[in-house]
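# Results of the structural survey
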Amino acid sequence: MKKILIMRHAKTETQEIFGSDFVRNLTSNGIIQAQIQAKFISILPFRPDLILLSPSNRTQQTLAEMIPIVDWPDTHVAAKDKLYHASVSQLLKIISEVDNSLDNLMIIGHNFGLLELVQHFSKDYIAKYKTGSLALFHFNDTSWQTLSAESAELIYLKAPMDE
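Described below are features of the structure shown in this document.

## Some details on the nonpolar core
If you look at the biggest cluster of nonpolar residues, it comprises 27 residues, and the most contacted ones within it are Ile 4, Ile 6, Leu 52, Ile 95, Leu 105, Phe 121 and Phe 137. Of all the secondary structure elements, the ones that give two or more residues to this core are strand 1 (2-8), strand 2 (50-53), helix 3 (88-96), strand 4 (104-109), helix 4 (113-122) and strand 5 (134-139). For this core, the leading source of residues is helix 4, giving 5 residues. Not counting the four nearest positions on each side in its chain, Leu 52 is found in contact with Ala 78, Lys 80, Leu 83, Ile 94, Val 98, Leu 105, Met 106, Ile 107 and Ile 108.

## Points about the environment of Lys 39
With respect to the element layout, Lys 39 can be found in helix 1 (residues 28-42). Under the relative-accessibility criterion, Lys 39 is labelled exposed at 54%. With 30 residues separating them in the primary sequence, Lys 39 and Ile 69 have C-alpha atoms 6.4 Å apart.

## Let's talk about the pairing of strand 3 (residues 76-79)
Relative to strand 3, strand 2 runs parallel, the two sharing 4 bridges. From the neighbouring strand, Leu 53 faces strand 3, where its bridge partner is Ala 79. In this region the chain leaves strand 2, passes through helix 2 (residues 57-70) and returns to the parallel neighbour strand 3; the handedness of that crossover is right-handed.

## Observations regarding the sheet that holds strand 5
Strand pairing in a sheet relies on backbone hydrogen bonds. The paired strands run either parallel or antiparallel. Reading across from one edge, 3-2-4-1-5-6 is the order of the 6 strands in this open sheet, with mixed pairing throughout. The open sheet is flanked by strand 3 and strand 6 (152-158), the only strands paired with a single partner. Sheet twist, expressed as the average angle between the axes of neighbouring strands with direction ignored, equals 15°. Pairing between strand 1 and strand 4: 6 bridges, direction parallel. Bridging from a neighbouring strand, Lys 3 pairs with Asn 104 of strand 4. Contacting strand 1, strand 2, strand 3 and strand 4, helix 2 crosses the sheet at an angle of about 130° to strand 4.

## Some details on the packing of aromatic side chains
Any pair of aromatic rings gets described here by the distance separating the centres and the angle formed by the planes. Scanning all chains against the criterion turns up 5 aromatic pairs. Relative to Tyr 156, the ring of Phe 40 has its centre 5.3 Å away and its plane inclined at 90°; by these criteria the two rings are edge-to-face. Within this pair, whereas Phe 40 is found in helix 1, its partner Tyr 156 is found in strand 6, the two being separated by 116 residues in sequence. Clustering of aromatic rings is evident, with ring pairs tying together Phe 121, Phe 137 and Phe 139. Between the NZ or CZ atom of Lys 158 and the centre of the ring of Phe 40, over which it lies, the distance is 5.1 Å.

Here is what the cut-offs are and how they apply
Residues numbered from 1 in each chain as written. Predicted model: local features only at pLDDT ≥ 70, side-chain atom pairs only at ≥ 80, totals over all residues. Heavy atoms only, no water. Core = buried A, V, L, I, M, F, W, Y, C linked by side-chain atoms within 4.5 Å. Buried < 20%, exposed > 50% of the residue type's maximum accessible area, 1.4 Å probe, protein only. Helix = DSSP H or I, 4+ residues; strand = E, 2+ residues; numbered from the N terminus. Contact = heavy atoms within 4.5 Å. Pairing = 2+ DSSP bridges. Right-handed = clockwise from strand over helix to strand, strands pointing away. Axes fitted to C-alpha atoms, helices over the stretch in contact; angles between N-to-C directions. Phe/Tyr/Trp six-rings, centres within 6.5 Å; stacked < 30°, edge-to-face > 60°. Lys NZ or Arg CZ within 6 Å of the ring centre and 35° of its normal.

Set out below in structure tokens:
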């Protein structure tokens, strides 16, 4: 059985005109969002074998705020350039490249690709995937290469301020 935790980066500062989207940082509210989600994740029966994230500042900072709370000292982390604003098809390809010896994957990235990926696996329309939102899926598949929406079960869908 495979599991994926899909998380959108936490709240960021607004992109300045002529500023780089890639280097935007978390706001104080974004730091709180990441910490709230980390507390929630820490009680789930989920521990990632691998965390894939975009190399942008905001995804790196989201994870940095979470790590002290979730206590995953031996989880491998890899920043992948292809995750920066990846489409759903690019995300599915990235997932298919994960080593089958790993069962639990976490992805931290960006909309709209993540929203579309969550919709793809949940087979449902989701109006918004707010900053800091997360979705946990279980799959009855044993291979990342054959992962399918038909075998997906949405376990949690949570925005940071949901109770």
